[in-house]
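One-letter residues, chain by chain:
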Amino acid sequence: MDFSVNNARAQKVWFDSENLWILLFDGRQLSIPLIFFPKLMNADKELLSEYELSGNGIGIHWDNLDEDLYVPNVLLGITDINRMNKPA
């Protein structure tokens, strides 16, 4: 099995009070603090559960929150906070 970043695909997404969890098809589980994703951190639990996996799990999309995650980037530590703190 190839465990590379480029082959990382989400199978399932869930949340606890402080973290976004992603189960990958290769068996890895990621836990990322919600503070790195302000839109997700401030969203109602119902809206968090309304996600879609795209590209066979390479992307995670919340239409009602206008939020998209690219799973390989999440593995590399690229989050909303990273994008918001970049100089223009």
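All of the points below concern the structure found in this document. Source: prediction; values computed, not measured.

This paragraph deals with the nonpolar core. In terms of nonpolar packing, the biggest core is built from 19 residues, with Leu20, Ile22, Ile32, Leu40, Ile60, Trp62 and Leu69 touching the most fellow members. The dominant element in this core, judged by the number of residues it contributes, is strand S2 (residues 19-24), at 3 residues. For Ile22, the residues in contact, after removing those within four places along its chain, are Ala10, Lys12, Trp14, Arg28, Gln29, Leu30, Ile32, Ile60 and Val74.

This part is about a nonpolar patch on the surface. A grouping of Ile35, Phe36 and Met41 is seen on the molecular surface, where their side chains present a nonpolar patch of about 280 Å² in accessible area. Along the polypeptide, Ile35 turns up in the loop between strand S3 (29-33) and helix H1 (38-41). Of the residues examined, Ile35 reaches a relative accessible area of 53% and is grouped as exposed.

It is worth spelling out the pairing of strand S5 (residues 59-62) at this point. In regular strands, side chains alternate between the two faces of the sheet. Of the two faces of S5, the one holding Gly59 and His61 and the one holding Ile60 and Trp62 are both buried throughout. Pairing of strand S4 (residues 52-54) with S5, which is carried by 3 bridges, proceeds in the antiparallel orientation. Counterpart to Leu53 in the pairing with S5 is Ile60. The hairpin formed by S4 and S5 contains 4 residues between the paired strands, and Gly55 there has a positive phi angle of roughly 55 degrees. Relative to strand S6 (residues 67-70), S5 is paired through 4 bridges, and the arrangement is antiparallel. Note on S6: the bridge partner recorded for His61 is Asp68. Here S5 hands over to S6 after 4 residues, with Asp66 in that stretch at a positive phi of 50 degrees.

This part takes up the sheet that holds S4. Strand order across the open sheet formed by 3 strands is S4-S5-S6, with antiparallel pairing between neighbours. The open sheet has two edge strands with one neighbour each: S4 and S6. Sheet twist, expressed as the mean angle between neighbouring strand axes with direction ignored, is 20 degrees.

Let us look at the side chain of Asn19. Structurally, Asn19 is set in strand S2. In terms of polar contacts, Asn19 uses its side chain to reach the side chain of Ser31, at 3.5 Å. Ignoring anything within four residues of it in the chain, the contact list for Asn19 reads Trp14, Ser31, Ile32, Pro33 and Leu34.

Definitions and cut-offs
Here the residue numbers are simple positions, counted from 1 along each chain's written sequence. Local features in a predicted model are, by the rule used here, given only for residues with pLDDT of at least 70; side-chain atom pairs are given and counted only at 80 or more, and totals for whole chains, interfaces and linings are based on all residues. Side-chain metrics rest on all non-hydrogen atoms present in the structure, leaving aside hydrogens and water. Note on terminology: a nonpolar core comprises buried Ala, Val, Leu, Ile, Met, Phe, Trp, Tyr and Cys residues joined through side-chain atoms within 4.5 Å. Burial classification: accessible surface area is computed with a 1.4 Å probe over protein chains only, and a residue below 20% of its type maximum counts as buried, one above 50% as exposed, and the rest as partly exposed. Strands here mean DSSP runs of E at least two residues long; helices mean DSSP runs of H or I at least four residues long; both are numbered from the N terminus. In this analysis, two residues are considered to be in contact whenever any of their non-hydrogen atoms come within 4.5 Å of each other. Residues form patches when they are more than 30% accessible in relative terms and have no salt bridge. Like charges link within 9 Å. Nonpolar side chains (Val, Leu, Ile, Met, Phe, Trp, Tyr) link within 5 Å. Exposure was quantified through the Shrake-Rupley algorithm and a 1.4 Å probe, taking into account, for residues, occlusion by the shown protein chains and nothing else. One side-chain nitrogen of Lys or Arg within 4 Å of one carboxyl oxygen of Asp or Glu is enough to make a salt bridge. Strands are treated as partners if at least two bridges between them are detected by DSSP. A fitted line through C-alpha atoms serves as each axis, taken over the contacting stretch for helices, and the angle formed by two N-to-C directions is quoted from 0 to 180°. Here a polar contact is recorded for every N or O atom pair within 3.5 Å, except that within protein the pair must consist of a potential hydrogen donor and a potential acceptor, and residues adjacent in sequence are included only if both atoms are side-chain atoms.

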